[in-house]
Amino acid sequence: MVLEPENLYEVDSDVPDLTGAVLLHHVDGFMDAGSAGASLVEELLNAHENRVIARFDVDSLLDYRARRPSMTFVQDHWEDYQAPELVVRLLHDQVGTPFLLMTGPEPDFRWEAFAEAVRQLVDRWGVRLTIGVHGIPMGVPHTRPLGLTAHATRPELVKDYQPLFSRVQVPGNVAGLLELRLGESGHDAIGFAAHVPHYLVQSTYPAAALVLLDAVSKATGLVLSGGSLAESSRRADAEIARQVAESDQIAEVVKALEQQYDTFTSAKDEDNLLLDPNDIPSADELGAELERFLAEQQNGKTE
């Protein structure tokens, strides 16, 4: 039996009036360089009280064999099963304004039905704006201000952002499809993608999450906490600076990226910040040294 979109989710009976609220979303599975979107979600959930108000039927949406949930075995029995959740949470910003956050694994199946289900919730709650967040790799140095790619269902929503691409085709993803379908149904939706230095995409890079936090705050007027992210970013930047200083090879690559970045920002006729593979080494060519340093940092190891 095929479930209709309205049967893909359950909503709590005590949801307050949310007319005019904002819905943020980040789902795992497509692309999130530097864990930018995931880090922002973690910050919001840690800094703002929240509760789940809607749950999606993950049994109908996920391929468990492709992304097997964790189970815990103790001596002679199964003790725990980490059931995946795709949920919408209700949060309040620092001045009490309610907003919504949808998180969980990206659906493997029934993308159109899922997008329609979210649209129904947007209508049901009177959501005024939906925003998706994640990180993408770019050929930029960590020593320069991070950029942001913004796209929306109406140009007016992202008029303050300079487009970097004229036309590009990428693998499909639920967040993109949701934005497309919301726009077709007359709803406002934005997508923010923080630019993460391509040599840091496998590491958690808090500075990228801060860029997303700032963009979301400006677009929505929400007063969001970012204190933990700011402190994490300072520590990460100091560690990266140490690592670069210890490797002439890495320092040379970063210097080349800085020169390219500065040339771009001073030129008026360039149309993107994509790395020219003929001029600058690729991510693989940055060398095993930086990868080892970042892996040790992520795993909590010390020299």
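Just so you know, these numbers come straight off a predicted model, no measurement behind them.

(A) Geometry of unusual backbone geometry. In this model, Gln75 sits at a positive phi of 55°, which is unusual for a non-glycine residue. Along the chain, the position of Gln75 falls in the loop between strand 4 (71-74) and strand 5 (77-81). Within the chain, Arg110 stands out as a residue other than glycine whose phi angle is a positive 60°. Among the structural elements, Arg110 can be located in the loop between strand 7 (98-105) and helix 3 (111-125).

(B) Region of the structure containing helix 5 (residues 206-220). When the terminal C-alpha atoms of helix 5 are compared, their 21 Å separation across 15 residues agrees well with the 21 Å that a helix rising 1.5 Å per residue should span. Burial within helix 5 is extensive, with 11 of its 15 residues counted as buried. All buried positions along helix 5 are accounted for by Pro206, Ala207, Ala208, Ala209, Val211, Leu212, Leu213, Ala215, Val216, Ser217 and Thr220. Positive phi shows up at Gly221, right after helix 5, with a value of about 80°.

(C) Broad picture of the sheet that holds strand 6 (residues 87-92). Spatial ordering of the open sheet is given by 1-3-6-7-2-8-10-9, a layout of 8 strands whose pairing is mixed. Every interior strand has two partners, whereas the edge strands, strand 1 (9-11) and strand 9 (148-152), have only one. Within this sheet the neighbouring strands show an average axis-to-axis angle of 25°, counted without direction. Here 9 bridges tie strand 8 (residues 129-138) to strand 10 (residues 189-197), and the two strands are oriented parallel to one another. When the bridges of strand 10 are listed, Pro137 appears paired with Val196.

(D) Structural detail: the confidence of the model for the protein. Confidence along the protein averages 88 in pLDDT terms, with 87% of residues attaining 70 or more. Counting contacts from residues 268-290, a segment whose pLDDT is below 50, to residues more than four positions away or on other chains yields 44 contacts.

(E) Region of the structure containing a nonpolar patch on the surface. Judged by side-chain polarity, Phe30, Met31, Phe165, Val168 and Val170 come together as a nonpolar surface patch covering roughly 410 Å² of accessible area. One can find Val168 in the loop between strand 9 and helix 4 (174-184).

(F) Molecular detail of helix 1 (residues 36-47). A rise of 1.5 Å per residue sets the reference length of helix 1, with its 12 residues, at 16 Å; its end C-alpha atoms lie 17 Å apart and thus fit the reference within 8%. Every buried residue belonging to helix 1 is among Ala36, Gly37, Ser39, Leu40, Val41, Glu43 and Leu44, and all of these are buried.

(G) Expanded view of the nonpolar core. Grouped together as the largest cluster of nonpolar side chains are 40 residues, with contacts concentrated most on Leu24, Leu44, Ile131, Phe192, Tyr205 and Leu212. Broken down by secondary-structure element, the contributors of at least two residues to this core are strand 2 (22-28), helix 1, strand 7, strand 8, strand 10, helix 5, helix 6 (227-245) and helix 7 (248-266). Per-element accounting of this core gives the leading share, 8 residues, to helix 5. Here Tyr205 is in contact with Gly34, His142, Leu146, Val196, Pro197, Leu200, Asp237 and Ile240, once residues within four sequence places are set aside. The next biggest cluster of nonpolar side chains, apart from the first, holds 31 residues, and it includes Val15, Ala21, Ala113 and Val122.

(H) Examining the packing of helix 3 against helix 4 more closely. Helix 4 packs onto helix 3 with a crossing angle of 55° between their chain directions and a minimal axis gap of 9 Å. By the criterion of interaxial angle, the relationship of helix 3 to helix 4 is oblique. For the pair helix 3 and helix 4, the crossing hand works out as right-handed. Across the interface between the two elements, Trp111, Glu112, Phe114, Ala115, Val118, Arg119 and Val122 of helix 3 pack against Val174, Leu177, Leu178, Arg181 and Leu182 of helix 4.

Conventions we followed
- Residues numbered from 1 in each chain as written.
- Predicted model: local features only at pLDDT ≥ 70, side-chain atom pairs only at ≥ 80, totals over all residues.
- Heavy atoms only, no water.
- Helix = DSSP H or I, 4+ residues; strand = E, 2+ residues; numbered from the N terminus.
- Expected span 1.5 Å × (residues − 1).
- Buried < 20%, exposed > 50% of the residue type's maximum accessible area, 1.4 Å probe, protein only.
- Pairing = 2+ DSSP bridges.
- Axes fitted to C-alpha atoms, helices over the stretch in contact; angles between N-to-C directions.
- pLDDT = per-residue confidence, 0-100.
- Contact = heavy atoms within 4.5 Å.
- Patch = residues over 30% accessible without salt bridge, like charges linked within 9 Å, V, L, I, M, F, W, Y side chains within 5 Å.
- Areas by Shrake-Rupley, 256 points an atom, 1.4 Å probe, with all protein chains shown as cover.
- Salt bridge = Lys/Arg side-chain N within 4 Å of Asp/Glu carboxyl O.
- Core = buried A, V, L, I, M, F, W, Y, C linked by side-chain atoms within 4.5 Å.
- Parallel < 35°, antiparallel > 145°, perpendicular 65-115°, else oblique.
- Left-handed = near helix turned anticlockwise from the far one by under 90°.

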